[in-house]
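Understanding the architecture of this molecule
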Amino acid sequence: MKIAILGATGFVGRAVLQQAMDEGYEVNILVRNPAKLTTTSDKVNIIQGSLEDAEKVAETLLGCCAVVNAAGGVKGSDQYEAFLNITKVLVGAMKLTGVKKLVSINGSGTILPNEYVGVKRRFLSTIVGILLKHMKDAKKAELQILLNEKDIDWVSVRANLILKKTATGQVIADDQKMPGGKITLPDLAKFMLDQVQSDEWVHKAPFVATA
Ligand SMILES: NC(=O)c1ccc[n+]([C@@H]2O[C@H](COP(=O)([O-])OP(=O)(O)OC[C@H]3O[C@@H](n4cnc5c(N)ncnc54)[C@H](OP(=O)(O)O)[C@@H]3O)[C@@H](O)[C@H]2O)c1
């Protein structure tokens, strides 16, 4: 089974790629700089380019059953505008290539329209917006587009603190309230990969935490 992974040179993306390799997936990745990859194998097909390049994105998705999107906003320029464009390009490429499933990383600072948000989460979201504006802006833009995309089976996985620790195999997911503040990197990567073949969280943005 072949999947596409975006953002494979990032903190989350590297773990997602490792998990996909461990699970025996064939993988297409689209990266700007292959030298940043920490791991690869003959089952990984590297395409070099930007997420803004519609042709490269479509090439990356070709023949895949799902996209796992670990890309996030980077510092430097307006990531809200950048990810509005990147998400439009991605959705367009999914429709063109017939790839229906999208599993995307998101953050705990992202608030859905009409979502109940208590004082603690509102405070957290404000802090994330100050300290990690590039990340929050990118994922706000992405979700804004996905929420209107009913033809795509998207899942937006919201994580808070991601720990570089070993897997516990104990993940709690909840789309109403944060079940905890932390998740280990391999637990997060496995949860994201599990969504490739599960429809449990389609059109939802579950929070995930290590139990
Ligand atoms: N890190 C955390 O602790 C944490 C916690 C909770 C949630 N999250 C969520 O996870 C997301 C990813 O976090 P991260 O720490 O993995 O970020 P990261 O290390 O900065 O990785 C971002 C990835 O996105 C890629 N990317 C961004 N714009 C691109 C473009 N135009 N074309 C091609 N690739 C592009 C980057 O490629 P390059 O390598 O080429 O720049 C990189 O691979 C965040 O945005 C946030 O929503 C992260």
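An account of the accompanying structure is given in this report. (Residues numbered from 1 in each chain as written. Predicted model: local features only at pLDDT ≥ 70, side-chain atom pairs only at ≥ 80, totals over all residues. Heavy atoms only, no water.)

**With respect to the layout of surface pockets**
Short version of the rule: Within this scheme a cavity is a closed region of a 1 Å grid, computed over the protein atoms alone, that accommodates a 1.4 Å probe without allowing it to escape, whereas a pocket is open but has protein on both sides within 12 Å along at least five of seven lines; lining residues each have an atom within 4 Å of a point. Grid points are joined across faces, edges and corners, and a volume is the space filled by probe spheres set on the points. Only DSSP runs of H or I reaching four residues or more are called helices, and only runs of E reaching two or more are called strands; each is numbered from the N terminus. Each residue gets one label: Ala, Val, Leu, Ile, Met, Phe, Trp, Tyr, Cys and Pro are nonpolar, Asp, Glu, Lys and Arg are charged, and the others, such as Gly, are polar.
Estimates place the volume of the largest pocket at around 1100 Å³. Around the largest pocket sit 43 residues that line it, and Ala-70, Ala-71, Gly-72, Gly-73 and Met-135 are the ones nearest its centre. For the lining of the largest pocket, the secondary structure elements donating two or more residues are α1 (11–22), β2 (26–31), α3 (79–97), β5 (101–107), α4 (119–131), α5 (133–146) and β7 (161–163). Residue composition of the lining of the largest pocket, by class: 20 nonpolar, 18 polar and five charged.

**Focus on the pattern of salt bridges**
Rules: Basic side-chain nitrogens of Lys or Arg form a salt bridge, by our definition, when they fall within 4 Å of a carboxyl oxygen of Asp or Glu. Per-residue accessibility, obtained with a 1.4 Å probe over protein chains only, is compared with the maximum for each type, and a residue is labelled buried under 20%, exposed over 50%, and partly exposed between these values.
Within this structure, the stated rule accounts for eight salt bridges. Between Lys-101 and Asp-199 there is a salt bridge, with its nearest N and O atoms 3.4 Å apart. One end of the pair, Lys-101, is in strand β5; the other, Asp-199, is in the loop between α6 (185–194) and β10 (207–210), and 98 residues separate them in sequence. Residue Lys-101 is classed as buried on the basis of its relative accessible area, which comes to 6%. What makes Asp-199 exposed here is its relative accessible area of 58%. What emerges from the salt-bridge pattern is a single network uniting Glu-115, Arg-121 and Arg-158.

**As for the site of the ligand**
Just so we agree on the cut-off: Think of it this way: one heavy atom of a residue within 4 Å of a molecule or strand is enough to make that residue near it. What qualifies as a polar contact is a pair of N or O atoms within 3.5 Å, subject to a donor-acceptor requirement within protein and to the restriction that residues adjacent in sequence count only when both atoms come from side chains. Note on areas: these come from Shrake-Rupley sampling with a 1.4 Å probe, and a residue is covered only by the protein chains present in the view.
Within the structure, the ligand sits among 24 residues, and Thr-9, Val-12, Arg-32, Lys-36 and Asn-160 are positioned closest to it. Here an oxygen atom of the ligand and a backbone polar atom of Gly-10 are 3.0 Å apart. Separating an oxygen atom of the ligand from a backbone N or O atom of Phe-11 is a distance of 2.9 Å. A total of 890 Å² of accessible area belongs to the ligand in isolation, and the protein chains cover 85% of it. Mapped by element, the contributors of at least two residues to the shell around the ligand are α1, β5 and α5. Ranked by the residues each element gives to the shell around the ligand, the list is headed by β5, at three residues. A breakdown of the residues in the shell around the ligand according to their chemical character gives 11 nonpolar, nine polar and four charged.

**Topic: the packing of aromatic side chains**
A ring pair, where both rings are aromatic, is described by two values, the distance of the centres and the angle of the planes. Just so we agree on the cut-off: Centres within 6.5 Å are what make two rings of Phe, Tyr or Trp a pair, Trp counting through its six-membered ring; a difference in plane orientation under 30 degrees is then read as stacked, over 60 as edge-to-face, and the rest as tilted. Lysine and arginine charges are scored as sitting over a ring when NZ or CZ, respectively, is within 6 Å of the ring centre and within 35 degrees of the ring normal.
Under the counting rule described, the total for this entry stands at zero aromatic pairs. A cation sits over an aromatic face here: Arg-158 above Phe-207, 3.9 Å from the ring centre.

**A short note on the pairing of β10**
The line we're drawing: Think of it this way: DSSP has to see at least two bridges between two strands before they count as a pair.
Inspection of the sheet shows strand β6 (residues 153–159) paired to β10 by two bridges, in the parallel sense. Each bridged residue has a counterpart across the sheet, and for Ala-159 the counterpart in β10 is Val-208. Here strand β8 (residues 171–174) runs beside β10; their pairing, made up of four bridges, is antiparallel. The residue bridging Asp-174 from the neighbouring strand is Phe-207, located in β10.

**Some remarks on the nonpolar core**
Here is the rule: By convention a nonpolar core is built from buried Ala, Val, Leu, Ile, Met, Phe, Trp, Tyr and Cys residues, the set being connected through side-chain atoms within 4.5 Å.
In this structure, Ile-3 and Ile-5 are the most contacted members of the largest nonpolar core, which totals 34 residues. Residues Phe-83, Leu-90, Ala-93 and Met-94 belong to the second largest nonpolar core, which totals 29 residues.

**Some details on the environment of Ile-46**
Which entries qualify depends on this criterion: Contacts are assigned to residue pairs with any non-hydrogen atoms lying within 4.5 Å of each other.
Position of Ile-46 among the secondary structure elements: in strand β3 (residues 44–48). Assessed through its relative accessible area of 36%, Ile-46 is described here as partly exposed. Distance in space between the C-alpha atoms of Ile-46 and Ile-29 is 5.2 Å, their sequence separation being 17 residues. If we ignore the near neighbours within four places in the chain, the residues touching Ile-46 are Ile-29, Val-31, Pro-34, Leu-37 and Thr-40.

**As for a nonpolar patch on the surface**
We count it as follows: Candidate patch residues must exceed 30% relative accessible area and have no salt bridge, after which like charges are joined if within 9 Å and Val, Leu, Ile, Met, Phe, Trp or Tyr side chains if within 5 Å.
Residues Phe-123, Ile-127, Ile-130, Leu-131, Leu-132 and Met-135 make up a contiguous nonpolar surface patch of about 610 Å² in total accessible area. Position of Ile-127 among the secondary structure elements: in helix α4.

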